[in-house]
Amino acid sequence: MSDTPAAPSAVTESDVDLGDGHVLHVYDTGDLGASGATDVEPLVVVWHHGTPNIGAPPRPLFEAAARLGIRWVSYDRPGYGGSTPRPGRDVASAARDVAAVADHLGVGSLAVMGHSGGGTHALASGALLGDRVRSVVSVSAVAPFSASGLAFFAGMVPGGEASLRAAAAGRESKEAHEAAAAQAPAGETDVGFVEADEAAFAGPWGWFGSVVGPALAAGPAALIDDDLAYVSDWGFEPGAVSAPTLAVHGGADRIVPASHGQWLASALPDADLWLQPGDGHISVLRTAEDALTWLARTARRS
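Participant: Would you mind going over the overall build of the protein chain with me for this structure?
Facilitator: Secondary structure assignment for the protein chain yields 10 helices and eight strands. Its C-alpha radius of gyration of 18 Å places the protein chain within 12% of the 19 Å reference for a compact globule of 302 residues. Its C-alpha atoms give the protein chain principal-axis dimensions of about 55 × 45 × 35 Å. For the protein chain, the residues scored as buried account for 53% of the 302 residues in total. The contacts of the protein chain with a sequence gap of at least 6 include a subset with a gap of at least 24, amounting to 78%. Of the accessible surface of the protein chain, which amounts to about 12,100 Å², a share of 53% is contributed by carbon and sulfur atoms.

Participant: I would appreciate a short explanation of the environment of Val-231 in the present structure.
Facilitator: Examined against the element boundaries, Val-231 turns out to sit in the loop between α8 (221–230) and β7 (245–250). Among the residues examined, Val-231 registers a relative accessible area of 11% and is labelled buried. Spatially, the C-alpha atom of Val-231 lies 12 Å from that of Glu-161, the residues being 70 residues apart in sequence. Residues in contact with Val-231, not counting those within four places in the same chain, are Phe-145, Leu-164, Ala-167 and Ala-168.

Participant: What should I look at first to understand the nonpolar core in this one?
Facilitator: General note: in soluble globular proteins, nonpolar side chains tend to be found buried as a group. With 48 residues, the main nonpolar core has Leu-110, Leu-123 and Phe-236 as its most contacted residues. Looking at this core, the element that brings in the most residues is helix α2 (residues 93–105), giving six residues. What Leu-123 contacts, discounting residues up to four positions off in sequence, is Val-136, Ser-138, Trp-234, Phe-236, Val-241, Thr-245, Leu-264 and Leu-268. In terms of nonpolar packing, the next biggest core, distinct from the first, is built from 38 residues, Tyr-27, Leu-61, Ala-296 and Ala-299 among them.

Participant: Honestly, the environment of Leu-246 in this entry has me stumped. Any pointers?
Facilitator: Following the sequence through the fold, Leu-246 ends up in strand β7. According to the relative accessible area criterion, Leu-246 is buried, its value standing at 0%. Linking Leu-246 and Gly-278, residues 32 residues apart in sequence, is a C-alpha distance of 19 Å.

Cut-offs applied
Counting from 1, residues in each chain are numbered in the order their sequence is written. In keeping with the predicted nature of the model, local features appear solely for residues at pLDDT of at least 70, side-chain atom pairs appear and are counted solely at 80 or more, and the whole-chain, interface and lining totals rest on all residues. As a convention, hydrogens and water are excluded, and side-chain values are obtained from all of the structure's heavy atoms. Strands are runs of DSSP state E lasting at least 2 residues, helices are runs of H or I lasting at least 4, and numbering of each runs from the N terminus. Note that the radius of gyration is over C-alpha atoms, with the globule rule given as 2.2 Å times the number of residues to the power 0.38. A simple rule labels every residue: compare its accessible area, found with a 1.4 Å probe on the protein chains alone, to the largest value its type can have, and call it buried under 20%, exposed over 50%, or partly exposed in between. Residue contacts are counted whenever heavy atoms from the two residues lie within 4.5 Å of one another. Accessibility throughout is a Shrake-Rupley quantity obtained with a 1.4 Å probe, and a residue counts as covered only by protein chains that appear here. Within this scheme, the nonpolar core is defined by two criteria: the residues are buried Ala, Val, Leu, Ile, Met, Phe, Trp, Tyr or Cys, and they are joined through side-chain atoms within 4.5 Å.

As structure tokens, then:
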């Protein structure tokens, strides 16, 4: 019989009432420390999803999480899935949402991990929740729109640049852009995936289909809120992230170019950078198990 703990087969879902007319829809894999990984301290890791996804935790990492004694907690950002829309939210609001979810579940300290726009939102917790956040992994994250010395759009696929330029021009412009994009013939737009990304979709990270589809089916409103937040004042500076942080980025990424990850790593006070030269926006997640191991090890010694 294997000594490796079994990956969780079920995810518990619940709603957190924020008391201001807003609700967050929450996902929880439960305490994996009881599943067999008894030689390590159980660790809660909050997953931050990308744009546009719903917030279900990353099933391709469940087996590694069970081995590492990690309990996944995640939530739909406002406007996605079962969470109430909150137009005008900034990136910093993710930290307040994480605190509310953790309080609801009786969780004290935690670590955070996110991919793409989720990597950006993960930084908010590291900046604003102090010692409660023990370590951070930020994969393929967008840097601040006003980042000094960063050519924000350099190397970005034209469709992605047009989308974020529309957001920078304001909500009306962004809404018009999304309305026009919805009328474009299927397959006409180059979304920026490289060959390695397509191979990743054919493997375990085909899981993205289960979280992107429901997000898109609900319409563009939450995506619009995300993009407006990325190109506006985040509500914190990356230099305020006090927890040890790992920035992971694909060198061939055309959706969020590698220069964003490099800039963030240089701006964060305590950061490692893993730059994967041949990887794109999705295929970089082939390093995710190693990054999760880094996260657990760093959190447990902090």
